[in-house]
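Here is how the chains run, residue by residue.
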Amino acid sequence: LAGKHVLSETPLSNNAREAMLVQRAAEDSGRVLLEGTHPTCHPVTARVREILMEGKIGGLERIDLTLPVGHSLHGKTICTKTGALLGLGVHGVAIVRALMGD
């Protein structure tokens, strides 16, 4: 971590072991390590969560998540190195966790 606080792009790592090593290094050096999951900090996500938690629209029964996986306009395959869930799905999972109160 070179003595610096770190704001990482998602995904933070390719597997849990790597993530734990980086987190441990941050803790050992007294530095902050954050993964940049922008959607969970977005005001719209916060407002929807607030409405859900207050019960204004009833309980949350189901969440459907669609990932834009496939080919870009330039013919390049999206998420070839990490796979769809790790490359794009991490944002969807983060929003679901935020909406569920986690």
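Residues numbered from 1 in each chain as written. Predicted model: local features only at pLDDT ≥ 70, side-chain atom pairs only at ≥ 80, totals over all residues. Heavy atoms only, no water.

Further remarks concern the overall build of the protein. The secondary structure content of the protein amounts to four helices and two strands. Counting helices and strands in the order they occur from the N terminus, the protein gives β-α-β-α-α-α. Put simply, the protein has 102 residues, and 17% of those count as buried. Counting contacts in the protein only where the partners sit at least 6 residues apart, residues at least 24 apart contribute 64% of the total. Accessible surface, the protein: about 7,600 Å² in total, of which carbon and sulfur atoms supply 58%. (Helix = DSSP H or I, 4+ residues; strand = E, 2+ residues; numbered from the N terminus. Buried < 20%, exposed > 50% of the residue type's maximum accessible area, 1.4 Å probe, protein only. Contact = heavy atoms within 4.5 Å. Areas by Shrake-Rupley, 256 points an atom, 1.4 Å probe, with all protein chains shown as cover.)

With that settled, consider the side chain of Ser13. Considering the arrangement of structural elements, one finds Ser13 in the loop between β1 (6–8) and α1 (16–28). Among the polar contacts made by the side chain of Ser13, one reaches the main-chain carbonyl oxygen of Asn15 at a distance of 2.7 Å. Engagement of the side chain of Ser13 in a polar contact is seen with the backbone nitrogen of Ala19, the distance being 3.2 Å. (Polar contact = N/O pair within 3.5 Å; in protein donor to acceptor, adjacent residues only side chain to side chain.)

This part is about α1. Look at α1: 18 Å from first C-alpha to last across 13 residues, which is about the 18 Å you get at 1.5 Å a residue. By the N-cap criterion, in which a side-chain oxygen at the helix start approaches the backbone nitrogen of a residue two or three places on, α1 is capped by Asn15, the distance to Arg17 being 3.2 Å. Looking one or two residues beyond α1, the residue adopting positive phi is Gly30, at roughly 70 degrees. (Expected span 1.5 Å × (residues − 1).)

A few words now on the confidence of the model for the protein. For the protein, the average pLDDT comes to 78, and 75% of its residues sit at 70 or higher. No element of the protein has a lower mean pLDDT than helix α2 (residues 38–41), at 72, and none a higher one than α1, at 92. (pLDDT = per-residue confidence, 0-100.)

Attention now goes to the side chain of Thr45. If you trace the backbone, Thr45 turns up in helix α3 (residues 43–54). Beyond its immediate stretch of four places on either side in the chain, Thr45 contacts Pro39, Thr40, Ala98 and Leu99.

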